[in-house]
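# Architecture at a glance
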Amino acid sequence: MAFIGSIALVLALVAAVYSIIAYAISGRRGTASASARFSLIAVCGLVSVSTLVLLLALVTHDFRLEYVASYTSHTLPLPYLISALWAGNDGSLLFWAWLLAVFAAIAMFPKRTAGRELVPYASAIVMAAEVFFIILILATSNPFTELPAAPADGRGLNPLLENIGMVLHPPALLAGYVGLTIPFAFAIAALLLRRQNDAWLGPARTWTLLSWLLLGAGNIIGAWWAYVELGWGGYWAWDPVENAGLMPWLVSTAFFHSIMMQRRRGMFKVWNQALIVLAFNLAIFGTFLTRSGMLSSLHTFGESSMGPFFIGFLFVSFFGPMCLLYLRRRDLKDEAEVGSLASREFTFQLNNLLLIGSVVVIFFGTVFPAISEAVRGVKIEVGKAFFNQVDGPVLLAILLLIGVCTLIGWRVSSNRDLTRNLLWALAAGAVTAAAFFILGIRVWYAIAAFAICSFVLFGVIYQWIRETMARKRTRGENSGRAFWKLLRINRPRYGGYIVHIAMAIMAIGVIGSSAFTTENEAGLKPGQSITVNNYILTYDTISMDESGDKFTVSATVSVASGGKPIGKMTPEMYFHRSYEQPVTEVAIRSTPFEDLYVILAGWDKDGTAALKVVVNPLVSWIWAGGGILAVGGLIAFWPGRKPAEPDEAA
């Protein structure tokens, strides 16, 4: 099996190199090349064979392979056997290469009228990326390396990875990274051919939106996974790998807004090309960060020898396109300018600048430890406080602009229209701020943030109602039919509205859980209690169980609220036979208003248990908002029967 997997990769490398040459020749001739298309399909098939071989080795416990022995065991359930494909460095790179080959086959073969001449060059660029990853696998991270003798059993997954998040989070994030290769390829093809019409924007928007959806889902699932598994009471630590998944998502968000201006008014052509180059390179940077050992993170695979490969690839894929963009700058002159501060164009421009500013802050905060080590010989870590204090206000300003740009029109809005559109939303924000103050809340930044969220929610809903009522009057439809008709024929626009609502809901969850979290911890003997807010938790007993690969310690806690019993909670800690560190299983009781979060931090032989109790307000709003965001993104992504207007491509 190992031989089949390795030889399939070697043949895929040969086919990919041939595909690059064949596509380049056919692009220069302006003719379609059957051999180029066939070789691209061959790459997809051969990498699929290699991936299938590794997957079969994982699920059949072929411990002759070092990778299988390192990440699986006989007791590992089937979903985690499958997830072992991306659990290690070698397997995840093969999964990356397979996704890229599949995406290339999907993206390059639909029948096109606009932009057909871009396909050969775009295909060659995608295959060049495929060549890089196949060479990387064969040279540094071959998952088909065999052991001298097969062990009786494998080590199994790290216990922290035995969670449904492992099945969902890494493939979503990796697919989001990989998907950004396609718009990058079409953007560079347009630059090479000097085709600066809007032909490249169609496939670029589609694949960027798909990647945005996958990255968003991956980040939300990853935050939930950290919240329920790591036992620290939080969901986002501004970890380097977390940041690496967020940055291309933010750049993709900026791209969606700026392409509306290019398609509607011929603006920001250079900016759009630069955004795609930046998004792709940030995706590669994220892939590199988890594998280089450059920065310490819970999510990395550890040190490896592939750092120089990635640095070289990043250098070529960033500076090469940027030089080409500079040479083509005269072909990319804008056809219009932003004329008024009270226009949607200006708010989109400001929104883009804030998004990229946020990315710059996150990037330099992430790499600062490596920079400080290189310059001063000391690795200086940048903590959560830096990101919260510097990037938090920027993200709130972006959220405010979401509400503003929804309510004002293109070009110049009259003072009367602007005042009418903004008045009710501003009033909603002011009422929210006053209500929190009356309720006794004096955390000023939380009051301001909640007011902004209220402004956005009311503004988007108000605008949607206005547009529904306008259709009702002009078409003579009832309110329900007018609403669904608008949604159906303008999916990008109203999918964008739903995404904006989701962002405000998620922001409410982040603000509540950040500003108003309370916690307490104590060592308790059976029958003793700990109080947090209006909760009284009484420690009942502790039990121990040894089964399979695990030794589990469970504490039973009775919970009362307002003097009334509301149930029992069972936080746990377990130890895996192959791993030294204990794993915490948190007990969580969730309501729409707050989470009661109980952690077993330790225990003594006399039955004493160390418990940490956290009350996290509004955390469930984050997960609900994430679900709504996914729905809105899918609506915007799903093709409609009628093409959307340029300004509706959100």
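In what follows, the structure referred to is the one given above.
What comes next is a walk through the structure.

Rules of the game
- Residues numbered from 1 in each chain as written.
- Predicted model: local features only at pLDDT ≥ 70, side-chain atom pairs only at ≥ 80, totals over all residues.
- Heavy atoms only, no water.
- Helix = DSSP H or I, 4+ residues; strand = E, 2+ residues; numbered from the N terminus.
- Rg over C-alpha atoms; globule rule 2.2 N^0.38 Å.
- Contact = heavy atoms within 4.5 Å.
- Areas by Shrake-Rupley, 256 points an atom, 1.4 Å probe, with all protein chains shown as cover.
- Lys, Arg positive; Asp, Glu negative; His and termini not counted.
- Charge placed at Lys NZ, Arg CZ, Asp CG, Glu CD.
- Phe/Tyr/Trp six-rings, centres within 6.5 Å; stacked < 30°, edge-to-face > 60°.
- Buried < 20%, exposed > 50% of the residue type's maximum accessible area, 1.4 Å probe, protein only.
- Pairing = 2+ DSSP bridges.
- Core = buried A, V, L, I, M, F, W, Y, C linked by side-chain atoms within 4.5 Å.
- Axes fitted to C-alpha atoms, helices over the stretch in contact; angles between N-to-C directions.
- Parallel < 35°, antiparallel > 145°, perpendicular 65-115°, else oblique.
- Nonpolar A, V, L, I, M, F, W, Y, C, P; charged D, E, K, R; others polar.

## Details of the overall build of the protein
A count of helical and extended segments in the protein gives 19 helices and ten strands. Taken over C-alpha atoms, the radius of gyration comes to 27 Å for the protein, in line with the 26 Å a tight globule of 650 residues would show. With the principal axes as the frame, the protein shows a C-alpha extent of 80 × 75 × 55 Å. Look at the contacts in the protein between residues 6 or more apart in sequence, and 73% of them connect residues 24 or more apart. When the accessible surface of the protein is split by element, carbon and sulfur atoms take 65% of a total near 27,800 Å². For the protein, the separation between the mean place of its 48 positive charges and that of its 40 negative charges on side chains is 16 Å.

## With respect to the packing of aromatic side chains
Taken as a whole, this structure holds 38 aromatic pairs when the rule is applied. Note on Trp86 and Phe95: the rings are 5.0 Å apart at their centroids and 45 degrees apart in plane angle, and the pair reads as tilted. In this pair, the class of Trp86 matches that of Phe95, namely buried. Judged by centre distance (5.9 Å) and plane angle (75 degrees), the rings of Trp212 and Phe256 are edge-to-face. Placement of Trp212 in helix 9 (residues 201-229) and of Phe256 in helix 10 (residues 240-265) is noted, with a sequence separation of 44 residues between them.

## Points about the pairing of strand 3 (residues 535-547)
By the bridge criterion, four bridges tie strand 2 (residues 529-532) to strand 3 in an arrangement that is antiparallel. Within strand 3, the residue paired with Val532 across the bridge is Tyr535. Counting the residues in the hairpin turn of strand 2 and strand 3 gives two residues, including Asn533, whose phi is positive at 55 degrees. Relative to strand 4 (residues 550-561), strand 3 runs antiparallel, the two being bridged by twelve bridges. Across the sheet, Asp545 pairs through a bridge with Thr552, a residue of strand 4.

## Section: the nonpolar core
In this structure, Met108, Phe133, Trp200, Phe255 and Phe310 are the most contacted members of the largest nonpolar core, which totals 129 residues. For this core, the leading source of residues is helix 6 (residues 119-140), giving 14 residues. Dropping the residues within four chain positions of it, Phe255 is found in contact with Trp200, Leu201, Ala204, Arg205, Thr208, Asn272, Leu275 and Ile276. Membership of the second largest hydrophobic core comes to 31 residues, among which are Phe450, Ile452, Leu486 and Leu487.

## With respect to unusual backbone geometry
One non-glycine residue, Trp238, adopts positive backbone phi at about 55 degrees. Mapped onto the elements of the fold, Trp238 is located in the loop between helix 9 and helix 10. Here Asn533, not a glycine, exhibits a phi torsion of approximately 55 degrees, which is positive. By the element assignment, Asn533 lies in the loop between strand 2 and strand 3. On the basis of relative accessible area, Asn533 is assigned to the partly exposed category, the value being 46%.

## What to know about the packing of helix 6 against helix 12 (residues 307-327)
In contact at an axis separation of 11 Å, helix 6 and helix 12 are set at 170 degrees when each is read in the N-to-C sense. Classified by the angle their axes make, helix 6 and helix 12 are roughly antiparallel. In contact with Ala129, Phe132, Phe133, Leu136, Ala139 and Thr140 of helix 6, helix 12 contributes Phe309, Phe310 and Phe313. Here the residues of the contact of helix 6 with helix 12 are counted per class, giving eight nonpolar, one polar and no charged.

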